[in-house]
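Examining the three-dimensional arrangement
The residues making up each chain are set out below.
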There are 2 protein chains.
Amino acid sequence: MKLLVLPLFFLLVSTTASASRSSFLNPIHLLRQEYSSSEDHNNVANTTLDCVSWRLAVETNNIRNWEVIPDECQTYIGHYMLGHQYPSDCEYVAGLAYDYAKGVELVGDGKDAWVLDLDDTALSNAPYYYVDNSYWAKDYNKTEFVEWELKGEAPAVPGILDLYNKLLELEFKIVFITGKDETTLRNITEYNLKNVGYHNWEKLLLRDSTEASLTKLEYKSKKRALVVADGYRIWGNMGDQWSDLLGENPGNRTFKVPMPMFYLK
Amino acid sequence: MKLLVLPLFFLLVSTTASASRSSFLNPIHLLRQEYSSSEDHNNVANTTLDCVSWRLAVETNNIRNWEVIPDECQTYIGHYMLGHQYPSDCEYVAGLAYDYAKGVELVGDGKDAWVLDLDDTALSNAPYYYVDNSYWAKDYNKTEFVEWELKGEAPAVPGILDLYNKLLELEFKIVFITGKDETTLRNITEYNLKNVGYHNWEKLLLRDSTEASLTKLEYKSKKRALVVADGYRIWGNMGDQWSDLLGENPGNRTFKVPMPMFYLK
């Protein structure tokens, strides 16, 4: 058994707040403020090297089809999400994507597309998973999750809204592809996107009734195939799940946004 | 600018040494001992959240075609490699691979294959990259690297030799695929493998003169296609580079071994 003493406090200490963190709106922003002003991030966080290794293995697609964060890693993952490292990791990926996007020579025929996943790529479900004191240890529950979705209160993921605005300036066509249900969730999703600051898109593709039985990998590939068949070039493709980034027509470059809270097949 | 104070010391503190770390042989083992007994890991390591984010982005294939570790991250990466986190990360992936391998229902016709990359998957080149005080900041130099390869002194990567032995017990057929040169490096590579403890394999595939111009992704796909054409089922495929794991015939499951020191196209 390997034990680490106090690693998380130091991972969370930052001399200045990141300006772009302000894009990470309520309610996570409030949770972060509460967290930063509490003694909690100063406490000893019992974790292990293995939880750090577990998170890396999740992010590199070495662990698949997992259901919940291991019990012994829930506190560690909570600190990761509430602390500065998760926003830093997201903003870093957004920065890399922008560096790449700037170098793309767009054809300019209106078919230069950038694909963005919604859940935990453009919009954050972190507030749903947050449980006081147990840090996103909540199990996924479909009924409760749909209740959360119907509120339309998901904040933007750190860095991604800023990237989205820069992609629009570069004249990429934004194609949102989401596994959310077309019939029941389109309206609230559009409301949520606009409310957070995503005002324009070329396409917003949701899952229709004929696609209910597809795995997320199959579903995403199917939707991208439709986009390509419609003449678009997918220059960039961003998602928090590997099922967003693997499969057919993945795009010229893929960008994995970090997400250690859940796995979607 | 975000600054972290003293994060690395805590990432390196472990109450007990891992028994399996002993498989990480000389010369890295000696470097580690020297490192642990010095004050060095106690010093303030100036690093940034961005270096942690950089490493995650490397491991998730978000940064491609990079040449060298960014200057400001060389110390951080050095601590990562010399400390306990890199061995922990490698051993964790090996453990995941074994968990998966145990559940595979082998056909048992002698065609149940497991593909392993060599460089920094089965055999570690970390000693080549080590430079006193600057921690693996050395730029890759082909002539010097071949000199290192011709020594045949690469130790095993933590956890992988142990996994290899367990895969043999499960009766997988080990297929090593490496970009090393067939003509000049086969003999010393076989010597190195056996010297470290890899005594048996079904195939050891090296790059021949007709394959010199292929990218690593193309080369690895070509070799795997030959393996599959020979009737093998690739149940597992492990490598430290995404070019080992993407492309055609990736295998039923892939396992990304961590490696933040270099990128191979």
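Computed from a predicted structure; not experimentally measured.

Rules used throughout
- Residues numbered from 1 in each chain as written.
- Chains lettered and ligands numbered in written order.
- Predicted model: local features only at pLDDT ≥ 70, side-chain atom pairs only at ≥ 80, totals over all residues.
- Heavy atoms only, no water.
- Helix = DSSP H or I, 4+ residues; strand = E, 2+ residues; numbered from the N terminus.
- Buried < 20%, exposed > 50% of the residue type's maximum accessible area, 1.4 Å probe, protein only.
- Polar contact = N/O pair within 3.5 Å; in protein donor to acceptor, adjacent residues only side chain to side chain.
- Salt bridge = Lys/Arg side-chain N within 4 Å of Asp/Glu carboxyl O.
- Phe/Tyr/Trp six-rings, centres within 6.5 Å; stacked < 30°, edge-to-face > 60°.
- Lys NZ or Arg CZ within 6 Å of the ring centre and 35° of its normal.
- Pairing = 2+ DSSP bridges.
- Disulfide = S-S within 2.5 Å.
- Contact = heavy atoms within 4.5 Å.
- Axes fitted to C-alpha atoms, helices over the stretch in contact; angles between N-to-C directions.
- Left-handed = near helix turned anticlockwise from the far one by under 90°.
- Nonpolar A, V, L, I, M, F, W, Y, C, P; charged D, E, K, R; others polar.

Turning our eyes to something else, we now look at the side chain of B:Asp117. Residue and element names in this part refer to chain B. When you line up the elements, Asp117 lands in strand β1 (residues 112-117). You can call Asp117 buried: its relative accessible area is 2%. One polar contact links Asp117 to Thr121, side chain to side chain, over a distance of 2.9 Å.

Taken as a whole and judged by the stated rule, the model has 32 salt bridges over all chains. Taken together, the shared-partner salt bridges in this structure form one network comprising A:Asp117, A:Lys216, A:Lys220 and A:Asp244.

To continue, consider the packing of aromatic side chains. Residue and element names in this part refer to chain A. Within this structure, the stated rule accounts for 29 aromatic pairs over all chains. Each ring, one from Tyr80 and one from Tyr86, has its centre 5.9 Å from the other, and the planes form 70 degrees; the classification is edge-to-face. Looking at Tyr86, the relative accessible area reads 0%, which means it is buried. Summarising the aromatic geometry, the rings of Tyr164 and Tyr198 are spaced 4.8 Å apart at their centres and angled 75 degrees between planes, so their arrangement reads as edge-to-face. Taken together, the positions of Tyr164 in helix α8 (residues 160-169) and Tyr198 in the loop between α9 (182-196) and β3 (203-207) put the pair 34 residues apart, joining distant regions of the chain. An aromatic cluster is defined as three or more aromatic residues linked by ring pairs; in this entry it consists of Tyr100, Trp114, Phe172 and Phe255. Over the aromatic face of Tyr232 sits the side chain of Lys111, whose NZ or CZ is 4.2 Å from the ring centroid.

Residues and elements named next belong to chain B. Burial along strand β5 (residues 253-256) is two-sided: the face carrying Arg253 and Phe255 and the face carrying Thr254 and Lys256 are both buried. Relative to β5, strand β4 (residues 233-239) is paired through four bridges, and the arrangement is parallel. Following the sheet pairing, Met238 is matched in β5 by Phe255.

In this section: the state of the cysteines. Residues and elements named next belong to chain B. This structure, assessed with the given rule, holds two disulfides over all chains. A disulfide bridge connects Cys51 with Cys73, and the sulfur atoms are separated by 2.1 Å. Classification of the bridge connecting Cys51 and Cys73 rests on its S-S torsion, roughly -85 degrees, and on that basis the disulfide is left-handed. On the criterion of sequence distance, the pair formed by Cys51 in helix α3 (residues 49-59) and Cys73 in the loop between α3 and α4 (74-82) is long-range, its members being 22 residues apart.

Residues and elements named next belong to chain A. Tracing the backbone through its elements, the reader meets Tyr98 in helix α5 (residues 85-103). For the pair Tyr98 and Leu163, spaced 65 residues apart in sequence, the C-alpha separation works out to 6.5 Å. Beyond its immediate sequence surroundings of up to four residues, Tyr98 is in contact with Leu163, Lys166 and Leu170.

Relative to the helices and strands, A:Thr60 resides in the loop between α3 (49-59) and α4 (74-82). In terms of polar contacts, A:Thr60 uses its side chain to reach the backbone carbonyl oxygen of A:Leu56, at 2.8 Å. Ignoring sequence-local partners within four residues, the contact set of A:Thr60 consists of A:Trp242, B:Glu59, B:Trp242 and B:Lys256.

With that settled, consider the environment of B:Arg253. In this structure, B:Arg253 sits in strand β5. On a C-alpha basis, the gap between B:Arg253 and B:Tyr100 in space is 8.5 Å, while along the polypeptide they are 153 residues apart. Setting aside anything within four residues of it in sequence, one finds B:Arg253 in contact with A:Asn62, A:Ile63, A:Arg64, B:Tyr100, B:Trp235, B:Gly236 and B:Asn237.

All names here are of chain A. Contact geometry of α3 with α4 gives a least axis separation of 9 Å together with a crossing angle of 60 degrees. Read as a crossing pair, α3 and α4 show a hand that is right-handed. Residues Cys51, Val52, Trp54 and Arg55 of α3 pack against Tyr76, Ile77 and Tyr80 of α4. Of the residues assigned to the contact of α3 with α4, the class counts are six nonpolar, no polar and one charged.

Honestly, it's all geometry; don't read function into it.
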